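A look at the structure
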Amino acid sequence: MFDQEKIKQAVRLLLEAIGEDPEREGLRDTPERVARMYAEIFAGLQEDPAVHLEKYFTENHEEMVLVRDIPVYSVCEHHLLPFFGVAHVAYIPRGVVTGLSKLARVVDGFARRPQLQERLTTQIADTIMEKLNPRGVLVVIEAEHMCMTMRGVKKPGAKTVTSAVRGIFQQNAATRAEALALIRGRDFRP
Ligand SMILES: Nc1nc2c(ncn2[C@@H]2O[C@H](COP(=O)(O)OP(=O)(O)OP(=O)(O)O)[C@@H](O)[C@H]2O)c(=O)[nH]1
Ligand SMILES: [Zn+2]
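Residues numbered from 1 in each chain as written. Chains lettered and ligands numbered in written order. Predicted model: local features only at pLDDT ≥ 70, side-chain atom pairs only at ≥ 80, totals over all residues. Heavy atoms only, no water.

Per an unreviewed UniProt entry, the protein chain carries the name GTP cyclohydrolase 1 and comes from Ammonifex degensii. We quote the UniProt Pathway (unreviewed entry) comment for the protein chain here in full: "Cofactor biosynthesis; 7,8-dihydroneopterin triphosphate biosynthesis; 7,8-dihydroneopterin triphosphate from GTP: step 1/1." Per UniProt, the comment on the protein chain under Sequence similarities (unreviewed entry) is "Belongs to the GTP cyclohydrolase I family." (UniProt positions renumbered as here; feature names shortened; annotations may be inferred.)

Encoded structure:
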């Protein structure tokens, strides 16, 4: 469970450890604020994102559905610094489609926890495969990691691109190429 009191204590300790005075005016409410912020940015730990895909509609659209440029904010589990960018989620339904917003809710549910970009990508793809049993899923995430920009190797602008490809997108190169072309915003020309 989420322990707000423990987070407050930890933030107070952190401030002391860097040589700050947690009692000075500007910092007095900081432990409380950080606890509220953590409850928000790690809210995914308290939910099972698969639940969002339990509502779906019967529809005979067995063609590609792509939601492109879904904003993603997550936190890298190595440094607890943000990584952020966009997710693209494509699937080819088999008899049922889900609400478009539910795809973004699944992305959020897995993003709001200490994460690895690779794991985030595969969790989204595998959850959609399991819950909707589609003909295939393709998830691409493009993100910038603050741990690579404001510290360490310091390479602002470097983008990490990860993909997870399942079902027909794996088996059929033309279908995969079509999805990737649509993600890039270009017409597909086989
Ligand atoms: N594969 C992967 N690596 C990540 C992700 N987020 C951060 N990292 C990397 O995790 C690694 C942790 O490396 P360590 O050597 O343990 O930590 P570090 O000494 O702080 O490493 P530097 O960042 O190179 O200074 C770094 O190379 C980060 O770039 C991610 O989502 N996926
Ligand atoms: Zn990191």
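Once the structure has been displayed, the description carries forward.
**Considering the site of ligand 1**
Around ligand 1, the neighbouring residues are Cys76, His78, His79, Leu116, Gln117, Glu118, His145, Cys147, Met148 and Arg151. Contact distances for ligand 1 include 2.8 Å between an oxygen atom and a side-chain N or O atom of His78. Between ligand 1 and His79 there is a distance of 2.7 Å, counted from an oxygen atom to a side-chain nitrogen or oxygen. With the chains in place, 50% of the 620 Å² that ligand 1 exposes on its own is no longer accessible. Every element with two or more residues in the shell around ligand 1 is listed here: helix H4 (117-132) and helix H5 (146-149). Residue composition of the shell around ligand 1, grouped by class: 4 nonpolar, 4 polar and 2 charged. (Near = heavy atom within 4 Å. Polar contact = N/O pair within 3.5 Å; in protein donor to acceptor, adjacent residues only side chain to side chain. Areas by Shrake-Rupley, 256 points an atom, 1.4 Å probe, with all protein chains shown as cover. Helix = DSSP H or I, 4+ residues; strand = E, 2+ residues; numbered from the N terminus. Nonpolar A, V, L, I, M, F, W, Y, C, P; charged D, E, K, R; others polar.)

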